[in-house]
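Given next are the chains, with one letter for each unit.
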Amino acid sequence: MIPFDYSLDFKTIDFRARPDLYRVGKGEQGVLLVEPYKSEILPYWRFKNPEIAQQSSEKIYEMFLEYLDKDDFVGADMARKFIQMGYTRSRRYANHKSGRKYKQNPQKELTKAAVMAARQEILPNEVDPIKAESAAIFKLKWTEAKTNPKYLQLLAKHKQMYEKE
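Conventions used here
- Residues numbered from 1 in each chain as written.
- Predicted model: local features only at pLDDT ≥ 70, side-chain atom pairs only at ≥ 80, totals over all residues.
- Heavy atoms only, no water.
- Helix = DSSP H or I, 4+ residues; strand = E, 2+ residues; numbered from the N terminus.
- Expected span 1.5 Å × (residues − 1).
- Buried < 20%, exposed > 50% of the residue type's maximum accessible area, 1.4 Å probe, protein only.
- Arc of directions from axis to C-beta.
- Polar contact = N/O pair within 3.5 Å; in protein donor to acceptor, adjacent residues only side chain to side chain.

Okay, unusual backbone geometry next. Of note, the amide linkage connecting Glu-35 to Pro-36 takes the cis form, showing an omega dihedral of 10°. Here Pro-36 is to be found in the segment before helix 1 (37-41). With a phi angle near 55°, Asp-71 is a residue other than glycine that sits in the positive phi range.

Structure follows, in structure tokens:
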């Protein structure tokens, strides 16, 4: 896996014009950084309840397919990441009403040991069946997206560019 490159100047790069600079990374990395896709997709990303999650996941999946129709891998991958994030965030809120998983935010810790310690202090689950249903809706669309044959073809082609480096 080629890691996501956080060193880029995301405020100035148009990834539609410069798809060669895009790295898939792991999971949802870069989902709130890569433009113009973030601005195109984010307004539709919602998961408050199952009805809203259904509308959101369908709209973002529709965008995913439109990006694929244009052979726009970066757009398709960003839509896939937003769908994945719909699942993971819904799931977090399904388990933790506050949306906070940890007692202390590991990202604010200064040492690796402190980060590891913070990740051990998980808040107790407070199950929310509404958010769990929203998560299930997004999970179905996420599975559709990440197994889409054209997406997989464009992903392999995109990764080949970096294997040569």
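The rest of the description comes next.
With 20 residues, helix 2 (residues 50-69) extends 28 Å from end C-alpha to end C-alpha; this agrees with the ideal 28 Å at 1.5 Å per step. Among the residues of helix 2, those classed as buried are Pro-50, Ala-53, Ser-56, Ser-57, Ile-60, Tyr-61, Met-63, Phe-64, Tyr-67 and Leu-68. Angular distribution of buried residues about the axis of helix 2 spans 155°; they occupy a single face of the element. In this structure, helix 2 carries Glu-51 and Asp-69 as exposed residues pointing more than 90 degrees from its buried face. Its side-chain oxygen at 3.1 Å from the backbone nitrogen of Glu-51, Asn-49 defines the N-terminal cap of helix 2. The positive-phi residue at the C-terminal boundary of helix 2 is Asp-71, with phi of around 55°.

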